[in-house]
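# Structural overview for review
Each chain, written out:
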Amino acid sequence: MNTQNHLQFLDCEGVPTQALPKWAEEPDWFLKCYHFMVLARQFDTKAIALQRTGQLGTYASLLGSEGIDVPVALSMQSDDVLVPYYRNHACQIIRGLPLEDAFLYWGGDERGNAAIEMGKDFPNAVPIATQSLHACGVATAMKINNLKQATVTFIGDGGTSKGDFMEALNIAGVWHLPVVFIINNNQWAISVPREIQSAANALADKAIAAGIPGIQVDGNDVIAMREATNQALQRAYEGKGPTLIEAVSYRLCDHTTADDATRYRDNDELKAAWHREPIKRLRGHMVNQGWWDEEKEKALLHEINKTVQKSADNYIKMAPQAVESFFDHMYAELPEHLVEQRDWAVVKAMPGGSHHQEGE
Amino acid sequence: MKHSVCLLEAVNLALASEMRRDDSIVLLGEDIGVNGGVFRATASLREEFGLKRVMDTPLAETMIAGLTVGMSTQGLKPVAEIQFMGFIFPALEHIICHAARMRNRTRSRLSCPMVIRAPFGGGIHAPEHHSESTETLLAHIPGLKVVIPSSPARAYGLLLAAMRDPDPVIFLEPKRIYRSVQQEIEDNGVELPIGKCFTLREGSDITLLSWGAMITETLEAAAALKEQGIHCEVIDVASISPLDTETILTSVRKTGRLVIIHEAPRNLGLGAEIAATVAEKALLELQAPIARVTGYDTVMPYFRLENHYLPNTQDIIDAVTQTLEFS
Ligand SMILES: Cc1ncc(C[n+]2csc(CCOP(=O)(O)OP(=O)(O)O)c2C)c(N)n1
Ligand SMILES: [Mg+2]
C-alpha cells in the first residue's frame, strides 16, 4: 500500500495524455459535467456580485474547484452522505441544494442549511477539519447498519495540518470505514502557501501512516477525478475501506470576499494557474471530440444565466426569518427559561420595541 | 511620539513596542506573517522582526497552543494569535490542562508567561462561528488571566501588561470596535494594570458595568440618560479574571443600583458572578434588584438576525429606567 503518483488524462488544452477509460467514449457524462461546472461558476459570479452590493455576507468563492466537486458529486449515489467543508457548494448544488438556499446560507440565514433535498448530508463545517471526524462517524454508522453506502468528505490543503484530519485517517484505516477523503489542494490556506503546511512531498502521502491508499490527482481534470472517485467509492461499497484523494488545483479567487490575495500572492502564479483551469480544459476535450461548438456554448450560457438570475431574484425577495426562529430549534422541546427569553425577543422586535427593524 | 490609532492599530503598536524592548517575545499564528493577520493586527511586524520572531504556522490551533506552552517554559514569551475566538477550542486542552497549571504543579519551577490573543464578539455580519462571546469559559479556569480592552489606549496599555505578566494571559479583542474609534496615544511603553476596572464615567444614580464592544452602547446609554437627569457611573471591567471586586463594590455602595451588560449568553455569563459577589458583599446597600442586559441563551444566530441577539443602547436605557423605578 502506497500513494500513487499524479493521475492525469487531459493536458491543459484538453488533449489526452494517455489512453482514456472506456466510459469516456460517450459524450453524455461530459455534457452533464460541463453543464454543472458552468452553473457553479455562474452561481459564483452572481454570489460575488451580490456580496459586493451588500446583498450577501462574506462569501467563499468556489472558483477553481469546479473540476473537483462536479465529478465527485456526479460519481456519488444519492444515498451516500456528503460531509463538506465550506467550499463545496458546487457539489451540494448537484446533490440537490436549491440555488436559492445556497444564496441564503451565504446571506446569513440558517434556512440555507435546511433544504429537505440535502437528505442526511452535513451542513458546511467552518471549524477547519472537524468534518473529517464526523465523516468517520457517519461511515461507522453505515458499517454498523450494514449499508452499502459511502461517506465523502472534503478538506482544504491547510486543513490537513490539523490533528482532526490525521485522527480521521487513522480511525478510518483501523476500522476499514467506507469513507472517501478528498483534499482540495488549492495551494493556499488564506495567505499560507502549501509548503508551509507540510514537509510531505504530496499531501496524499499522509495516507501512508494511516495504512490506507492515497492518490494524487489532477483536480483540473474531470476524467482523472471521476476515475479516482469511482475507484474509491467502489472500495468503500465493497467493504475494502477508505481512500485519500489529493486533488491538485488552484484557488483562482481570493480566500473569501473579505480577503485580498494581492497582499500575499504573486500575480504571475495566478495567471499561470488560469492556464490550467478545469472548464477550459473540459471544453477543449469536448470540442476536440466534436461534442461541442460555439452555438451550444452560447445556448448553455444563456440558459444557465437565466436560472441563476431567477434564483438570485427569489433569494432577494425572501422575507427574513421570524425572530423566534433562533429559539425554536434550540431543543426538541424549548425549556421554560427560553420560552421566556423568546417572548422578550418577540416583543422587542415589534413596532416600538428596542429591536424593531424597518421592513420586518 | 503620539499616534492617532484605532483599537486594532493600538494592538499592533503595543506588539511592536514591546518586541523592540524585549527580544524574548515571539509571535505565532495563522496568516500573521506575510499577510499581517486577517484583521492586520500584526501588519509589518514580519518585515521589522523577521521570520524567527513572527511565525506563520500551519493551520492547527492545538499545535499553536501546545508550542506556546513549550516555548514559554524556556525563556521565550510567545504571543499567539487565534484567528477568531470561535477556533480557540482545539487549543483549550493546552491552555486549561497545561498553561493554567504549569506554575502550580511544578511549585513555580516552571511557568507559562504567554499571551493568547483572539478577536471575539458579534455585530460585523461575519460567517458562522465568527461572532460568539465565550469569554466566560476562559474566565472560569483557575490560573488564567482574561483581559478585554475597549479602547485604543486600554488595548495598548493592557497588551503591554499582558506581555510582561509572569502568567498566561488571554487577551480578547472586541472586533466590532476594532476600527470604530481613533484615539491619540503615546507610544511610551507604559502599561495599564491587569486586575483593575476602569471607571469611564462617574455618576451617583446607578452603576453600569460592561466590557468589550458593549462599552460603546453602555456609554451611549449613559449619555442619553444624562439628558433625563440620570447620572450613570460607567465601569469597564476590562479584566474579567481576576475581577476587581473592590472598584465594583465601591461604586455599587455609592449608587445602590447596578446593571450589568454583556453580549455573551445570560446563563452563567460573567454577569452572574458579579451579581453573586455584589449580593454576598453589598446586598443591604442595594436599593433595587441587580439587572442584567445580555445575549440570549441560544446559539448565536447567523448574521441576518444577529442584531436581534445583541443587546443595544435602548435595552440598556430600559433596564436602567426599570431599576430606577423600583421601590
Ligand atoms: C479551526 C479553524 N481555524 C481557523 C479558521 C480560519 N480559517 C478559515 S479558512 C482558513 C484557511 C483554510 O485553508 P484550506 O484548508 O487550504 O482551505 P481553502 O479555504 O483553501 O479551501 C482559515 C485559517 C477556521 N475556520 N477554523
Ligand atoms: Mg487551500
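Values in this document were obtained by computation on a predicted structure and should not be read as measured data.

On to the coordination of the magnesium ion (ligand 2), then. Residues and elements named next belong to chain A. The coordination sphere of the magnesium ion (ligand 2) contains the protein donors Asp157 (OD), Asn186 (OD1) and Trp188 (O), at a distance range of 2.0 to 2.1 Å. Considered as a linear motif, the donors of the magnesium ion (ligand 2) on their single chain read D-x28-N-x1-W. Placement of the pair is Asp157 in the loop between strand E3 (151-156) and helix H6 (163-174) and Trp188 in strand E5 (residues 188-189), with a sequence separation of 31 residues. Asp157 sits in the buried class, given a relative accessible area of 2%. Residue Trp188 is classed as buried on the basis of its relative accessible area, which comes to 8%.

Below, the discussion takes up unusual backbone geometry. For the bond running from Ser241 of chain B to Pro242 of chain B, omega is -5°, close enough to zero to count as cis. Mapped onto the elements of the fold, Pro242 of chain B is located in the loop between strand E12 (239-241) and helix H9 (245-255). Phi is positive for Ala129 of chain A, close to 75°, though the residue is something other than glycine. Structurally, Ala129 of chain A is set in the loop between helix H4 (99-106) and helix H5 (130-144). On the accessibility criterion, Ala129 of chain A (0% relative accessible area) is buried. Unlike most non-glycine residues, His129 of chain B shows phi in positive territory, near 75°. Relative to the assigned elements, His129 of chain B resides in the loop between strand E5 (115-120) and helix H6 (135-139). Taking the relative accessible area as the measure of exposure, His129 of chain B reaches 26% and is therefore partly exposed.

Take the domain arrangement of chain B next. Frequently, the measure chosen for interface size is the accessible area that the parts lose on association. Residue and element names in this part refer to chain B. Entries for chain B in the domain assignment read domain 1 (2-186) and domain 2 (198-325). Domain 1 and domain 2 are separated by 26 Å when their C-alpha centres are compared. Between domain 1 and domain 2, the residue contacts involve 25 residues of the former and 26 residues of the latter. Counting the surface lost from both domain 1 and domain 2, the interface buries some 2,100 Å², and carbon and sulfur atoms represent 55% of this. Area buried by domain 1 at its contact with domain 2 is led by His125, Arg154 and Arg176, which between them contribute 25% of it. Applying the counting rule to domain 1 against domain 2 returns three salt bridges. Glu217 is the salt-bridge partner of Arg176, the closest N and O atoms lying 2.8 Å from each other. Partitioning the side of domain 1 that touches domain 2 into residue classes produces 11 nonpolar, eight polar and six charged.

Moving on, we come to helix H12 (residues 294-317) of chain A. All names here are of chain A. Here H12 spans 35 Å end to end across 24 residues, near enough to the 34 Å set by a 1.5 Å rise per residue. Next to the buried residues of H12 lie helix H1 (28-52), H4 and helix H11 (278-288). If you check the start of H12, you find a side-chain oxygen 3.2 Å away from the backbone N of Glu295, and it comes from Asp293.

Analysis parameters
- Residues numbered from 1 in each chain as written.
- Chains lettered and ligands numbered in written order.
- Predicted model: local features only at pLDDT ≥ 70, side-chain atom pairs only at ≥ 80, totals over all residues.
- Heavy atoms only, no water.
- Donors = N, O, S within 2.8 Å, 3.2 Å for Na, K, Ca; no water.
- Helix = DSSP H or I, 4+ residues; strand = E, 2+ residues; numbered from the N terminus.
- Buried < 20%, exposed > 50% of the residue type's maximum accessible area, 1.4 Å probe, protein only.
- Domains from an automatic or database assignment.
- Contact = heavy atoms within 4.5 Å.
- Buried area = accessible area lost by both parts, 1.4 Å probe.
- Salt bridge = Lys/Arg side-chain N within 4 Å of Asp/Glu carboxyl O.
- Nonpolar A, V, L, I, M, F, W, Y, C, P; charged D, E, K, R; others polar.
- Expected span 1.5 Å × (residues − 1).
- Polar contact = N/O pair within 3.5 Å; in protein donor to acceptor, adjacent residues only side chain to side chain.

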